[in-house]
Amino acid sequence: MSWIENRFEEGLIITSLDAAMNWGRKSSLWPMTFGLACCAIEMMAFGGSRFDVDRFGAGAFRATPRQADLMIVAGTVTYKMASRVRRLYHQMPDPKYVIAMGACTVGGGPYFKYGYHVVKGVDMVVPVDVYVPGCPPRPEALLEALMRLQDKISAQTIARPATRRAAAAAPAPEPAAGPIASPAPAV
Ligand code: SF4
C-alpha cells in the first residue's frame, strides 16, 4: 500500500482530468526510431543503459510512426528528405510532439551558408516543440529537452477558451503534403 492510499474521504476529487491526462501523456512518450545523420548516434546513447531514458517512460522507440507520439529529428535535414520527414509526421497519431536535435536540424548548422541542399531549420517542415542546440548535443541535453517537453505537456488543457470557440470551429490548415522545393543555389 502506498503512502497516498486511505488518506482521503470517498468521493473527494483529488486531481483534475487535465492533470490525469497530461500525466499519462508525458509519462509515456514513445519516440519514433528515426535518425538522419551523426546526431542520431547521440540519440542512440540517450536510449541506451548509460543514460536510460526509460526512467522517463520514453524508452519505447517504435519502428512505425503510427505507434509513436514523439519525433526526434536527429541530424541534417536535406531537401530530399524533408518531404519524407513531413510524411512521417503526418502518419503519427495526435497528440504528437517534435524535438529538433542539433545545429543542423535547428537552423542548418555547418551547412547554413554553403549547404544548398540543407533545410535551414526543420520548423520549415514540421512544427517543433523543443530545440536542442549543439553539434552534436550530448545525450544529457536531449534528456533535458525531454523534461522541458514534459513540462510543456503538463501545462496543456483539454478545455477550449471561450474566445477561441468560433475560430476552432473552422478546420485547422495542415501543411501540404508533397515534395519541398529547394531554393535556387546562391551564385
Ligand atoms: S549538428 Fe553536427 S553532429 Fe548533428 S547532424 Fe549536424 S553535423 Fe552532425
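Residues numbered from 1 in each chain as written. Predicted model: local features only at pLDDT ≥ 70, side-chain atom pairs only at ≥ 80, totals over all residues.

Novice: Describe in detail the sheet that holds strand S3 (residues 130–132), supporting the description with residues and values.
Specialist: Spatially, 3 strands are ordered S1-S2-S3 in an open sheet, and the strand pairing comes out parallel. Across the chains shown, the open sheet's two edge strands, defined by having one partner strand only, are strand S1 (70–74) and S3. Taking each pair of neighbouring strands and ignoring which way they run, the sheet shows an average axis angle of 15°. Contacts from helix H2 (residues 39–47) reach S1 and strand S2 (97–101) within the one sheet, and its direction differs from that of S1 by about 135°. Along the sheet, helix H5 (residues 139–154) contacts S2 and S3; its crossing angle with S3, the most-contacted strand, is approximately 170°. (Pairing = 2+ DSSP bridges. Helix = DSSP H or I, 4+ residues; strand = E, 2+ residues; numbered from the N terminus. Axes fitted to C-alpha atoms, helices over the stretch in contact; angles between N-to-C directions. Contact = placed C-beta atoms within 7 Å.)

Novice: Mind laying out H5, listing which residues take part and the relevant values?
Specialist: Spanning 16 residues, H5 covers 23 Å between terminal C-alpha atoms, matching the ideal 22 Å at 1.5 Å per step. Within H5 the residues assigned to the buried category are Pro-139, Leu-142, Ala-145, Leu-146, Leu-149 and Gln-150. Buried residues along H5 cover an arc of 145° about the axis, so they all sit on one side. With respect to the buried face of H5, the exposed residues turned more than 90 degrees away are Glu-140 and Asp-151. Its buried side turned inward, H5 meets helix H1 (17–26), H2, S2 and S3. (Expected span 1.5 Å × (residues − 1). Buried ≥ 20, exposed ≤ 12 C-beta atoms within 10 Å, placed from the backbone. Arc of directions from axis to C-beta.)

Novice: Summarise the nonpolar core; cite the residues concerned and give the values.
Specialist: Generally speaking, a soluble globular protein has its nonpolar side chains buried in company with each other. Within the largest apolar cluster, 40 residues are counted, with the highest numbers of intra-cluster contacts made by Leu-70, Met-71, Val-73, Val-77, Ile-99, Ala-100 and Met-101. Of all the elements in the fold, those that place two or more residues in this core are H2, S1, helix H3 (79–91), S2, helix H4 (103–107), S3 and H5. In this view, Met-101 contacts Cys-39, Met-43, Ile-72, Val-73, Ala-74, Val-132, Pro-137 and Leu-142; residues no more than four positions away in its chain are not counted. (Core = buried A, V, L, I, M, F, W, Y, C linked by C-beta atoms within 7 Å.)

Novice: Tell me what's going on with the packing of H2 against H5, and back it up with residues and numbers.
Specialist: Contact geometry of H2 with H5 gives a least axis separation of 8 Å together with a crossing angle of 70°. The orientation of H2 relative to H5 falls into the category roughly perpendicular. Contacts between H2 and H5 involve Glu-42, Met-43, Ala-45 and Phe-46 on the former and, on the latter, Pro-139, Leu-142 and Leu-143. Taken together, the residues of the contact of H2 with H5 sort by class into 6 nonpolar, no polar and 1 charged. (Parallel < 35°, antiparallel > 145°, perpendicular 65-115°, else oblique. Nonpolar A, V, L, I, M, F, W, Y, C, P; charged D, E, K, R; others polar.)

Novice: Explain the pairing of S1 to me, and be specific about the residues and the numbers.
Specialist: In terms of residue burial, S1 counts as a mostly covered element, since 5 of its 5 residues are buried. Across the two faces of S1 the burial is the same, with Leu-70, Ile-72 and Ala-74 and Met-71 and Val-73 all buried. Relative to S2, S1 is paired through 5 bridges, and the arrangement is parallel. Directly across from Met-71, in S2, lies its bridge partner Val-98. Regarding the hand of the β-α-β motif, the stretch spanning S1, H3 and S2 is right-handed. (Right-handed = clockwise from strand over helix to strand, strands pointing away.)

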